[in-house]
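Chain residues, written in single-letter form:
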Amino acid sequence: MAIVTVQVTTDRQASLQDITERVREVVRRSGVTEGVCTVYVPHTTAGVLVNESYDPTVAADILAALDRLVPAQGPYRHPEGNSPAHIKASLVGSSQSLLVQGGDLVLGTWQGIFLAEFDGPRQRRVLVSVRP
Ligand code: ZN
């Protein structure tokens, strides 16, 4: 099974971008009816998470809480100046494993998949692999 690349353009410095439908489309096209879908973000200042997509204030609260955990001002040693983005991406993680059943993603009623951007805006790649 091929690995499919989904291109995501982020429009702000930090955002949680809902990519659920784009991942779901890859799953449907894969022809896999039961298995595992891996979503992987090959970046050091972005990640991927699963959480509530119904109420957008949840995503806003997650970003605000990460801001409190990882202050914009250091001290940090990384000379590029984007250490907070690297640290937030580490906390969120770079991959998620989702289950596939009946040819579709298994997600809870309120769950969605988000690309977590911490050093945007920019073009990001999300790799999706679906296996039986
Ligand atoms: Zn950096």
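These notes cover the structure that comes with them. What you see is a predicted model, and the numbers here were worked out from it, not measured in a lab.

## Description of the coordination of the zinc ion
For the zinc ion, the protein coordination sphere consists of His78 (NE2), Glu80 (OE), Asn82 (OD1) and His86 (NE2), at 1.8 to 2.2 Å. Geometry at the zinc ion is irregular, judged from the four donor atoms that bind it and their angles of 89 to 155 degrees at the metal. Between consecutive donors of the zinc ion, the numbers of intervening residues give the motif H-x1-E-x1-N-x3-H. Under the relative-accessibility criterion, His78 is labelled partly exposed at 31%.

## Looking at a nonpolar patch on the surface
On the surface, a nonpolar cluster with roughly 380 Å² of combined accessible area is contributed by Leu69, Tyr76, Ile87 and Leu91. Note that Ile87 resides in helix α3 (residues 83-92). Overall, the relative accessible area of 33% leaves Ile87 in the partly exposed class.

## Quick word on the pattern of salt bridges
The tally for this structure, following the rule as stated, stands at eight salt bridges. The salt bridge partner of Glu117 is Arg124, with a shortest N-O separation of 2.7 Å. Residue Glu117 is classed as buried on the basis of its relative accessible area of 0%. Of the residues examined, Arg124 reaches a relative accessible area of 1% and is grouped as buried. Overlapping salt bridges bring together Glu21, Arg24, Arg28 and Asp104 as one network.

Definitions and cut-offs
Residues numbered from 1 in each chain as written. Predicted model: local features only at pLDDT ≥ 70, side-chain atom pairs only at ≥ 80, totals over all residues. Heavy atoms only, no water. Donors = N, O, S within 2.8 Å, 3.2 Å for Na, K, Ca; no water. Tetrahedral: all angles 85-135°; square planar, octahedral: opposite > 155°, others 65-115°. Buried < 20%, exposed > 50% of the residue type's maximum accessible area, 1.4 Å probe, protein only. Patch = residues over 30% accessible without salt bridge, like charges linked within 9 Å, V, L, I, M, F, W, Y side chains within 5 Å. Areas by Shrake-Rupley, 256 points an atom, 1.4 Å probe, with all protein chains shown as cover. Salt bridge = Lys/Arg side-chain N within 4 Å of Asp/Glu carboxyl O. Helix = DSSP H or I, 4+ residues; strand = E, 2+ residues; numbered from the N terminus.

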